[in-house]
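What the coordinates show
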Amino acid sequence: MRWLQTEYLLKGLYLGLVLYAALQLALIPPDQTELAWKCLASVNLLSLAGLGAGLLLAALTKLREGFRVRGRLTAFFLFLLLESPTLAYFGILGGTVGGIYLVREALEASEVAGRDVVQGLFAYTLGGAAIAGLGFGQLRQVRRRSVRLFLTLGLAGALIAVALSWLGVVDLAHTNKTYKLQNEALFAIQVLLGIPFFYVLTFAGHEEESEIEIGAVCAAFGLGLGILIGKSQQYGSLAFVLPTVLYFTYTLRVLPGLRVLKHCFRGLSYNRVGRHRRALQAFRRALQLDPNNRLAREGFWDVHRSLDLDALVKDPELLALVDLDLCLDRAGTLLVHGKPSPAQLEEAFRLLDLVLQLQPDRRPQVDYWRAVAHTHARQIDQAATELEHVLDPAHFGPDNPQRLTILLPAWQLSLTLHEELRRKVGAPQLEIPGRRMEAIAAVERHLATAPDDQNVWGLKRMLYHDLTEAEYDAFAGEGLAAAHFDHAYAQQLGLALINDDTRWKRGGEYLRMAARGLPTLGPTLFVEIAKAHQRVGHVDDARHNYELAKRAGKGVGPKNLADAERQAYFATVKLLGEDAMARGDVEGAIENFHLYSESERSGVETLRTLAELYERKGDALNALKANDLALVYNPRDADLMARKDRYYYSVMPDVLRAHLESVKAGFDAEYCLRKARTILDGRHADVEWLDVAHHLTQLALVVHPGARTAKVVLARILLRYGEREKAIELLETVRNPKPEKFASGEDEEAWFVSSQLLGDLYVEVDKADQAIPCYNDFRKSSKSGARTWLKLGQAYEAVGDRGRAIKCYQQVTSYEGNPLAPDAYEALQRLQGS
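These numbers come from a predicted model, not from an experiment.

Here's the deal with the overall build of the protein
- Each helix and strand counted, the protein has 44 helices and zero strands in total.
- Relative to the globule expectation of 28 Å for 834 residues, the C-alpha radius of gyration of the protein, 54 Å, shows a markedly less compact shape.
- Taking the principal axes of the C-alpha coordinates as reference, the protein spans close to 170 × 85 × 50 Å.
- In the protein, the share of contacts with a sequence separation of at least 24, taken over all contacts with a separation of at least 6, comes to 63%.
- Charged side chains in the protein number 97 positive and 100 negative. The centres of these two groups are separated by 5 Å.

Looking at the packing of aromatic side chains
- With the rule as written, the count across this model stands at 12 aromatic pairs.
- Ring centres 5.0 Å apart and planes at 50° place the aromatic pair Tyr648 and Phe667 in the tilted group. Here Tyr648, found in helix 33 (residues 638–650), pairs with Phe667, found in the loop between helix 35 (660–663) and helix 36 (669–681); they are 19 residues apart in sequence, far enough to count as distant. Here the two residues Tyr648 and Phe667 agree in accessibility, since each one is buried.
- The rings of Trp457, Tyr464, Tyr472, Phe485 and Tyr489 are connected pair by pair, giving a single aromatic cluster.
- Of note, Lys460 hangs over the ring of Tyr489, and the distance from its end group to the ring centre comes to 4.8 Å.
- The aromatic ring of Tyr671 is capped on one face by Lys644, whose charged end is 4.7 Å from the ring centroid.

Looking at the environment of Ile92
- Among the structural elements, Ile92 can be located in helix 4 (residues 85–109).
- Remark: the alpha-carbon pair of Ile92 and Gly205, spanning 113 residues in sequence, is separated by 13 Å.
- In contact with Ile92, other than residues within four places in its own chain, are Tyr14, Ser47, Gly50, Leu51, Phe197, Val200 and Leu201.

Some details on the nonpolar core
- Membership of the largest hydrophobic core comes to 78 residues, with the highest contact counts inside it found for Tyr648, Leu656, Phe667, Cys672, Leu699 and Tyr809.
- In terms of residue count, the dominant contributor to this core is helix 37 (residues 687–703) (nine residues).
- Setting aside chain neighbours within four positions, we find Cys672 in contact with Tyr648, Phe667, Leu696, Leu699 and Ala700.
- Judged by nonpolar contacts, the second largest core, of 72 residues, contains Leu55, Phe76, Leu80 and Tyr89.

Looking at the environment of Ser599
- Structurally, Ser599 can be placed in the loop between helix 30 (586–596) and helix 31 (603–617).
- With a relative accessible area of 5%, Ser599 lands in the buried category.
- Here the side chain of Ser599 touches Arg601 through a polar contact of 3.1 Å, landing on its backbone nitrogen.

Some details on the side chain of Ser414
- Mapped onto the secondary structure, Ser414 falls in helix 20 (residues 401–417).
- Beyond its immediate chain neighbours, meaning those up to four positions away, Ser414 contacts Leu387, Leu391, Leu421, Arg422, Val425 and Gly426.

Details of the pattern of salt bridges
- By the definition in use, this model includes 42 salt bridges.
- With its nearest N and O atoms 3.1 Å apart, the salt bridge here joins Lys550 to Glu591. Separated by 41 residues along the polypeptide, Lys550 in helix 28 (residues 539–556) and Glu591 in helix 30 bring together distant segments of the chain.
- Classification of Lys550 by relative accessible area gives buried; the value is 4%.
- Judged by relative accessible area, which is 37%, Glu591 ranks as partly exposed.
- Residue Glu615 is joined to Arg643 by a salt bridge in which the shortest nitrogen-to-oxygen separation is 3.4 Å. Linking Glu615 in helix 31 with Arg643 in helix 33, this pair joins segments that are 28 residues apart in sequence.
- For Glu615, a relative accessible area of 33% puts it in the partly exposed group.
- Because the salt bridges share partners, they merge into one network encompassing Glu605, Arg608, Glu615, Asp637, Asp639, Arg643 and Arg646.

Here's the deal with the packing of helix 33 against helix 36
- Interaxial distance between helix 33 and helix 36 falls to 12 Å at its minimum, and their mutual angle equals 95°. Relative to helix 36, helix 33 is oriented roughly perpendicular. Residue-level inspection shows Lys644, Asp645 and Tyr648 of helix 33 in contact with helix 36, the latter providing Tyr671, Cys672 and Lys675.
- Of the residues assigned to the contact of helix 33 with helix 36, the class counts are three nonpolar, no polar and three charged.

Rules of the game
Residues numbered from 1 in each chain as written. Predicted model: local features only at pLDDT ≥ 70, side-chain atom pairs only at ≥ 80, totals over all residues. Heavy atoms only, no water. Helix = DSSP H or I, 4+ residues; strand = E, 2+ residues; numbered from the N terminus. Rg over C-alpha atoms; globule rule 2.2 N^0.38 Å. Contact = heavy atoms within 4.5 Å. Lys, Arg positive; Asp, Glu negative; His and termini not counted. Charge placed at Lys NZ, Arg CZ, Asp CG, Glu CD. Phe/Tyr/Trp six-rings, centres within 6.5 Å; stacked < 30°, edge-to-face > 60°. Buried < 20%, exposed > 50% of the residue type's maximum accessible area, 1.4 Å probe, protein only. Lys NZ or Arg CZ within 6 Å of the ring centre and 35° of its normal. Core = buried A, V, L, I, M, F, W, Y, C linked by side-chain atoms within 4.5 Å. Polar contact = N/O pair within 3.5 Å; in protein donor to acceptor, adjacent residues only side chain to side chain. Salt bridge = Lys/Arg side-chain N within 4 Å of Asp/Glu carboxyl O. Axes fitted to C-alpha atoms, helices over the stretch in contact; angles between N-to-C directions. Parallel < 35°, antiparallel > 145°, perpendicular 65-115°, else oblique. Nonpolar A, V, L, I, M, F, W, Y, C, P; charged D, E, K, R; others polar.

Here's what the structure looks like:
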């Protein structure tokens, strides 16, 4: 059985013995006062004697083992209680059993009535108490404190109620079957006298006190109080109220502090008798319960101060309990608060030696505190040596966590706290590449958690004041920002200096550093630097910084910039574009105006400028794209329309085909066909105009290779060129095969036109049989009419089908006022007269 359950079982048995002893004493009639006090003393004095015997045996054992009291009797007594809980338990239990036996003998000698009945209750009393003890032990396993609190209260209240009901104090079961007490006062006194002994058991036990023990105490208190006043109508309820108030007051207000205090008493007692391991365990537990308890911290430290280093190294279990952080804290306390005495310096050095010997990887912290101690002792050279070890990353590594924890205080000591150390250590260290940035990083790490520390702010201002851009770049690395660096502070320093005619270069350095870590502010920061160069006439440097502003904006993305930064970025690229145009740098101007075109303020003029720049470059395709975008803003602009004619004619089909994916979405193929049809319908006989129409139609076919409309237009152009065979071949690809469903109305119209044109061409080349199906298909078009019937009649006549030819000619004559009617009448006369 686990010791926890054993403790609660023994505590339950003790309460059972107390209850049985009280039942014995309650048999004594009230008028036999002498017997009553004799028996009461027998039980409790023997319990006390049993405790004394157990502690005496424990004392003899400890003295034989070499422990010495040395006048500290109270500490030794507490130590015996804590170190020998088994002897304390069995001493009290044995003494109580002895007292019960003596009372039994006295009752028999006095022939007190009811002895046999009480003797028969012995087994039931102890058995019930043992079960109750185990039940309290199980409650200890409940993890949620609030649940455990109320369950314990409920169990204790139930035990009180059952006991008072059984003893006839209250009638809960509404029955007269109760046990009658002859001497209620003596019963109650014995129950109440058992409480101190129970508390000694609680104190001596291995397990720390919980709500369970105070619950048992309140149950005993409630039982005794209930016997004394339970039948009083005026005060009877106090038997329940007072224990309940005591329970909650003790558990919620007293127990947390008392639990810590008990562990402190344990630690103090163990420490005074040289049991350092047990003392450390006790104080550790006290600090776990209350990390800020002064008594626990001081006691914990006293144990550490009492440790023998040689013995400590030989005891791994004790070594594992030593708190080296506390040793360092103690050394720091001795060295920081006021001027330490020689004894305090000696103690600090001893502690630092202990830490270093037990945990060598704490060398950076030890070196720092040794430097502090040497400084107090006016041993400046030794202090300088220790500080140099800490400040030089070559000794422990730049990322050593122990070094990082102490790096800031080391820089403070070497730069701001002692003038001679600043001269010997601080100033020379800052001259070493990378040291200043490492010091800044230490400052920033601290200010990230304590931003209002004015002492550290003083060090920060000093470090940033002499920081050079070269130092920053060496630490940050090309293209990277320093991890622990206040770029916003560098920005403030730079803005404060950039407009100073004598210190603007220094301001520019700060702003460039700031831009590395604040990329979203890059455009405005570099613009400020560029303006400073402009003021002093450094044109090339100004242009370079404007380029850096542009690069910063592009790197972040204009959409990710705040409004002011975005406008600065766009103003910069516009300025660079205009400058490039003025210098004849077409490529540079195109790049910058193209970036500026992303601005919501750019508009049509920016696109016009881009079109013009691309035209200068000889890039008609991109000029065309820019111009078309400009026409979206102003479709009636005469200049833009003239440019469109020029650019579309200048783009070669092969060039368009090579860049089709990038321009297809915005290419105006409809414009090409519309312009070509305008030329054809205007009946321009000029070959140059036909060349324009031919060129535009080829562009449309590059974008839409299968477009029937474009092919029909191209066939018409070929006919104008006199290339009849090519035209027929092209129109046949439009007509055949006929799709099941046309993609659009224009697509269907082109198919009908191809049928009409092919019919005419087939007639012209004596292929009337092929013309007939073309004309029949065209008759289904809404644009067919008398001409179609006339052409169809001529085709039938050519193939010798006089009947169908006559019908077609008759259809022509049915159109009143048709100018083709005379031709149809002539044909009818010819066919009918022959």
